[in-house]
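What follows is the residue order along each chain.
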Amino acid sequence: MGQEFAQAAELDQATGLDRHLLDNPEDAGVQRLVRDLHALYRAQPSMHALVTSPDGFQWIEADDAARSVLAWIRRSAGAGPDIVATCNFTPVERSAYTVCWPLAGRSHEALNTDAEIYGGRGRGNMGGVTAVDRPSHGQPASTGIYLPPLSVVFLVREQSGSAPSEPVASGRRRPLVETPSSLARDSMAFVLAGGRGSRLKELTDRRAKPAVHFGGKSRIIDFALSNALNSGIRKMSVATQYKAHSLIRHCQRGWNFFRAERNEYLDILPASQRVDEHQWYLGTADAVTQNIDIVDSYDVKYVLILAGDHIYKMDYGKMIAQHAESGADVTVGCLTVPRMEATAFGVMAVDANDTITSFLEKPADPPGTPDDPSIALASMGIYVFNWNLLRDLLIRDADDSNSSHDFGKDIIPQIVSKGIAKAHRFEDSCVRHTPDAPAYWRDVGTVDAFWKANIDLTDFDPDLDLWDKNWPIWTYSEVAPPAKFIHDEEKRRGTAVSSLVSGGCIISGTEIRQSLLFTQVHTNSYASLEQAVVLPYARIARHARLKKVVIDSGVEIPEGLVVGEDPVEDAKWFRVSDNGVTLITQAMLDMRESKLR
């Protein structure tokens, strides 16, 4: 007696039970656990119906001495659903521990001894897990489950046509944004940042697309890196190739706070002919293949492949958690887009469980989704793999002379046809500043798209919130004084309305409307800017009138230049887009000056 609330002393007949211990939360938690174990035993026939028969019990993990885990199935010969119990006898948490399963399908977490009401920390499987058709340990299906330290987890299979029974006490995973979870600690982010981005025209003549400035202070690559950091990932690599100096310098200056003694790393991996002295990166997959030894040195379980050239906020931890729970070979991040707008993307055809059944590159007639035929799932170029599996696939791909060594063209279609690929919908992990905000994702790969995404930030309530302290966009913050506005005379007044003006800017007698000025932009008297995106260190001379323009960094606009009023004249000297945005670089101005002499 007394064991039900963890009485330490032997029962004394004279004094009775130490019931005062129930005032302690730990002892009261043990009492609740014993109560709920009895409730589970009574409620589930599999726990008692065949208690005297060998048919009611089967070991599914009895020899994992290295990790001190035991698991078994309880059955009831049809009277109730099967129950799988898994015990972790060590003080070490086990993330994505593989457990075999009698059948594929969903199982809910009925009882978890790490639940907070028992005095635990509330870590678990977010309500349940889904087993997939992958044989393991003599069973036809398997899944990955999260095992808290020193815990027992009971999972009850959900039977078709019936609602799942109410869990007695379930556990949740620790919030991935607040602290690096075990999944995040077991993961690395591999950012592909070697592309030029040729559709940005002259903006990428001197820099790779991920190094292009965005939003007043940041570079495009900062969004992928910040998402990884905010998701708890502390091991990252950035693969560079095309005109990488600007990107490398930015990462060295803005992302140099990782500390190896805390097991944190950010490695920059230029295409340095590490495998073959005549071979640069041949494709997205080859960029990882050529750095296999570096990824090996990180000693991670999961690898998150990211494109470094999109603007969005996303909690990668949720995608990694889905991957670990589903037991998939790869999980692909997907945008939900109107079906006929998906013709420019790689499109996923999925079944009702979001298992990818086919991968189609830029289809003329994209497939809809089972739940809504009017929408399609477009690949974001974001993938989660188990590293051991990806490593083997990359080695085989490197030996295939017919391969283009690309994730989207080779690796993903291979897994879709021969393995298990799952889709992860962006809206499930998009970070929003308000619950009703849209799922914001932009490919700023054209001059028009780049201009619009920057100008959109001047809206009263922009869809992309750069002011959100809960999910900051980290970057290199150049030391600069505050912006300065001078002159207050008629037609010579330094003003900015519906605009973003960065540090170090001097607005001297210039009228600015709906524009975004990056660091250290200087404008002079009697000039005007409207719907202008002006990159760092540009200089605007007197009497210039500029509308709907993108001005490259370091450009010196001459006195009296007028752009945005006569598209025919503008097109003689500058790059004018299909939507009427004018891109101005210093080389264009120099050519114009030489022609007009």
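What counts as what
Residues numbered from 1 in each chain as written. Predicted model: local features only at pLDDT ≥ 70, side-chain atom pairs only at ≥ 80, totals over all residues. Heavy atoms only, no water. 1 Å grid on protein atoms, 1.4 Å probe; cavity = no way out; pocket = protein on both sides within 12 Å on 5 of 7 lines; lining within 4 Å. Points joined across faces, edges and corners; volume = space filled by probe spheres on them. Nonpolar A, V, L, I, M, F, W, Y, C, P; charged D, E, K, R; others polar. Phe/Tyr/Trp six-rings, centres within 6.5 Å; stacked < 30°, edge-to-face > 60°. Helix = DSSP H or I, 4+ residues; strand = E, 2+ residues; numbered from the N terminus. Buried < 20%, exposed > 50% of the residue type's maximum accessible area, 1.4 Å probe, protein only. Core = buried A, V, L, I, M, F, W, Y, C linked by side-chain atoms within 4.5 Å. Domains from an automatic or database assignment. Contact = heavy atoms within 4.5 Å. Pairing = 2+ DSSP bridges.

## Focus on empty space enclosed by the protein
Here's step 1: Taken as a whole and assessed by the stated rule, the structure comprises three cavities of 30 Å³ or more.
Here's step 2: Along its surface, the largest cavity is lined by 13 residues, and Lys313, Val431, Tyr440, Asp463 and Leu464 are the ones closest to its centre.
Here's step 3: Here the lining of the largest cavity is built from residues that sort into seven nonpolar, one polar and five charged.

## Here's the deal with the packing of aromatic side chains
Here's step 1: Across all of its chains, the model carries 15 aromatic pairs by this definition.
Here's step 2: Judged by centre distance (6.4 Å) and plane angle (55°), the ring pair of Phe345 and Trp441 falls under tilted. Taken together, the residues Phe345 in the loop between strand 16 (330-338) and strand 17 (346-350) and Trp441 in strand 21 (residues 441-442) connect sequence positions 96 residues apart.
Here's step 3: A relative accessible area of 22% means that Phe345 is categorised as partly exposed.
Here's step 4: Put simply, the rings of Trp255, Phe257, Phe258 and Trp474 touch in pairs and so form one group of aromatic residues.

## Some words on the layout of surface pockets
Here's step 1: Computed from the structure, the largest pocket encloses a volume of approximately 1,600 Å³.
Here's step 2: Taken together, 49 residues line the largest pocket, and the ones lying closest to its centre are Ala307, Asp309, His310, Met380 and Asp443.
Here's step 3: In terms of residue class, the lining of the largest pocket is built from 22 nonpolar, 16 polar and eleven charged.

## Looking at the nonpolar core
Here's step 1: In terms of nonpolar packing, the biggest core is built from 49 residues, with Phe214, Phe450, Leu546, Ile551, Ile557 and Ile584 touching the most fellow members.
Here's step 2: Those elements giving two or more residues to this core turn out to be helix 10 (447-456), strand 29 (516-517), strand 31 (528-534), strand 33 (545-551), strand 37 (582-584) and helix 12 (586-596).
Here's step 3: Per element, the largest residue contribution to this core is five residues, and it comes from helix 10.
Here's step 4: Counting the residues that make up this core, at least three belong to each of domain 2 (185-451) and domain 3 (478-596).
Here's step 5: Among all residues touching Leu546, those that are not within four sequence positions of it are Ser528, Leu529, Glu530, Ile540, Ile551, Ile557, Leu561 and Val563.
Here's step 6: Within the second largest apolar cluster, 42 residues are counted, among which are Ala224, Val238, Met380 and Val384.

## Things to note about the sheet that holds strand 27 (residues 506-508)
Here's step 1: Taken in spatial order, the five strands line up as 22-27-30-32-34 in an open sheet, and their pairing is parallel. On the outer flanks of this sheet lie strand 22 (484-486) and strand 34 (556-557), each paired with one strand and no other.

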